[in-house]
There are 2 protein chains.
Amino acid sequence: MTTSPGLRERKKARTRATIQREALRLFQRDGYAATSVEAIAAAAEVSPSTFFRYFPTKEDVVLTDFMDAATVERFVEAPAELSLVEALTHAVRTGIAELPKEDFELEHLRNRLIRDVPELRRGMVAEMVRPMGLLAEAIGRRLGREVDDDIRMFAGAAIGGMVLVMPEHGHDLGDPEALVDELVARTRRLDRILTLPDPE
Amino acid sequence: MTTSPGLRERKKARTRATIQREALRLFQRDGYAATSVEAIAAAAEVSPSTFFRYFPTKEDVVLTDFMDAATVERFVEAPAELSLVEALTHAVRTGIAELPKEDFELEHLRNRLIRDVPELRRGMVAEMVRPMGLLAEAIGRRLGREVDDDIRMFAGAAIGGMVLVMPEHGHDLGDPEALVDELVARTRRLDRILTLPDPE
DNA sequence: GCCTTGTCTGACAGTTACTGTCAAAACACA
DNA sequence: TGTGTTTTGACAGTAACTGTCAGACAAGGC
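All values derive from a computational prediction rather than experimental measurement.

### Observations concerning the overall build of chain A
Part 1: Tallying secondary structure elements over chain A gives 10 helices and 0 strands in all.
Part 2: Put simply, chain A runs from its N terminus to its C terminus through helices and strands in the order α-α-α-α-α-α-α-α-α-α.
Part 3: Structurally, chain A occupies a C-alpha span of about 55 × 40 × 30 Å along its principal axes.
Part 4: Of all intrachain contacts in chain A linking residues separated by at least 6 positions in sequence, the fraction that spans at least 24 positions is 60%.

Take a look at the structure:
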C-alpha cells in the first residue's frame, strides 16, 4: 500500500494535494468568491486546465465527500449491539480519531468554509444524496437485508436530520475531541427519532 | 385580493409567468443545458437583464419552492388527530387538489425536468434546506411548542427521507390522483420510521 | 542507452451564466 | 398635463467552465 505505485501516480497525488491545500489557503485568506481558479492554479504552479482535470468544479476542492469507503466499512463492521445510528457515530468517530492531525487541520478549515460560505453550504447539501445512497447500501449490508424503500428512507432521514442542526455550532470545534462530543450528542438525539421497521 | 392590484403588479405577474412558461417549453423541446437564458428572454420577448430581474438564476425558473406559506398553514391547521407526517401529507395533498389543472400541467413538467436533469435534481436537493426550516417552524406552531433540536432533526429527517425514494417513480404520474396515491404510500412508510420525542 | 506507446500538461479560443451601471421608457398620482 | 418612481433594455465586464491540440514526460520492451 505505502510502497510506491509508480512515479506517475505519486506525482498526481501530490499535485492534487497541492492544489487543494493552496486553494483552501487562498479561500481562507481572500474569501471563496474572491479567489479565482486562475489564482489557485498559479499558487499551485499548474495551469487552469490542469486544475479542472483534478477538480471538475471550484466547489469540489472543498466538497470532497466526507463519507468514504473506509467509513462505510467501519459502519458495517461496527459491534453488533450498536443501533444503526450508533454504528454510524462509531464509524465517523473512529474515522476522525485515525486522522493525522495535519489532515485534521485541513478538515477543520474545510468545515469552517462550508459553514460560512452560503454557496458551499448549498453545495454540501446537494452532495448529500451520495452519502445517503451509500448509507442505504451499508445498512443493507450490515443487516444482511435487501435494500428496500424503508432502508432508503431511513438513510435519507438520518443524513437529512443533521442538516438543520449542524450549522448550529457557531463555535469552532478546533480540536477533534470537541467535535466528537458534539457528534455523539447529536446522534443520541437522532437515535430516539429514527426507527427502522422490520422488513415486509 | 382578486381585485386588480394596479396595472404595474398585474403586468409583472404576467411577465413572470410568461418567462417561466416559455422557459419550460424550451427546456422540454431543446433540453435544459442547450437552452440559453438569451433564448428564453427572446421567446418571452424581454431582455436578458429582465430575465435575471425576475429569476436570479436559470435554475430558479424550474425550482420555485414547492413548500409555500399556504402549505404551511394547511399543515398547522390540519385535524388534530393526524400525526405530524399525516398532517404534512394532508397539507400537500389538499394543495395539489386545489391546483387548477393548467397549473398542474406546468407542475408536472417541472417535476419531470427535476427528475431527468441532474443539475436540476442537485439544485432541488440543495433547496430543501428551506422547506426543512419551514417545516420545523410549522411543527413548533402545530404543537404549540418551542422549536428545539429534536424538532429540527425531525423536520430534516422527514424531508431528507423523501430524497432517495422520490426519483424512484420512473413512471410519469401525469394525473394528480396517481401522484397523491404515490405520496400517501410513501408517507405512510415514513410515519413508521419517524418519532418525535416529548420535549425535554 | 533508445524508441515506441500511452498519459499528462499547458496554451488557446470559445461559450454562457451572471453582475453592475445608466439612460430611456412606462406607469402612478396629482 | 406634469412630476416622481419604478421598470426596462443596452452595454460592458467577469469568471467558470469546455473542447481541442501539440508538446512534454513517464513506462516498458529492445
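Now that the structure has been shown, we can carry on.
### Considerations on the relation of the copies chain B and chain A
Part 1: In screw terms, the move from chain B to chain A is a rotation of 180° and a rise of 0.0 Å along the axis, fitting with an RMSD of 0.1 Å. Each copy turns onto its partner about a two-fold axis.
Part 2: Of the residues that chain B buries at the interface, 100% are likewise interface residues in chain A, meaning the two copies contact each other through the same surface.

### As for the confidence of the model for chain A
Part 1: Scored by pLDDT, chain A has a mean of 90; 94% of the residues are at 70 or more.
Part 2: For this predicted complex, the interface score ipTM comes out at 0.89, while the overall pTM is 0.90.

### Details of the interface of chain B and chain A
Part 1: On the chain A side, the residues contacting the 32 residues of chain B number 32 residues.
Part 2: Every element with two or more residues in the side of chain B that touches chain A is listed here: α7 (118-127), α8 (129-143), α9 (149-163) and α10 (176-193) of chain B.
Part 3: Per-element tally for the side of chain B that touches chain A: the top contributor is α9 of chain B, with 13 residues.

### Regarding the protein's contact with DNA strand C
Part 1: The full set close to DNA strand C counts 20 residues, and S47 and T50 of chain A together with L7, T57 and K58 of chain B are the nearest of them.
Part 2: Elements that contribute at least two residues to the surface near DNA strand C include exactly α1 (7-30) and α3 (48-54) of chain A together with α1 (6-30), α2 (37-43) and α3 (48-54) of chain B.
Part 3: Sort the elements by how many residues they give to the surface near DNA strand C and α1 of chain B lands first, with 4 residues.
Part 4: When the residues that make up the surface near DNA strand C are grouped by side-chain class, the tally is 5 nonpolar, 8 polar and 7 charged.

### Topic: the protein's contact with DNA strand D
Part 1: The environment of DNA strand D is formed by 20 residues, the closest being L7, T57 and K58 of chain A together with S47 and T50 of chain B.
Part 2: Only α1, α2 (37-43) and α3 of chain A together with α1 and α3 of chain B provide two or more residues apiece to the surface near DNA strand D.
Part 3: Along the lines of polarity and charge, the residues of the surface near DNA strand D split into 5 nonpolar, 8 polar and 7 charged.

The rules we used
Residues numbered from 1 in each chain as written. Chains lettered and ligands numbered in written order. Predicted model: local features only at pLDDT ≥ 70, side-chain atom pairs only at ≥ 80, totals over all residues. Helix = DSSP H or I, 4+ residues; strand = E, 2+ residues; numbered from the N terminus. Contact = placed C-beta atoms within 7 Å. Least-squares fit on C-alpha atoms with pLDDT ≥ 70 in both. pLDDT = per-residue confidence, 0-100. Near = placed C-beta within 6 Å. Nonpolar A, V, L, I, M, F, W, Y, C, P; charged D, E, K, R; others polar.

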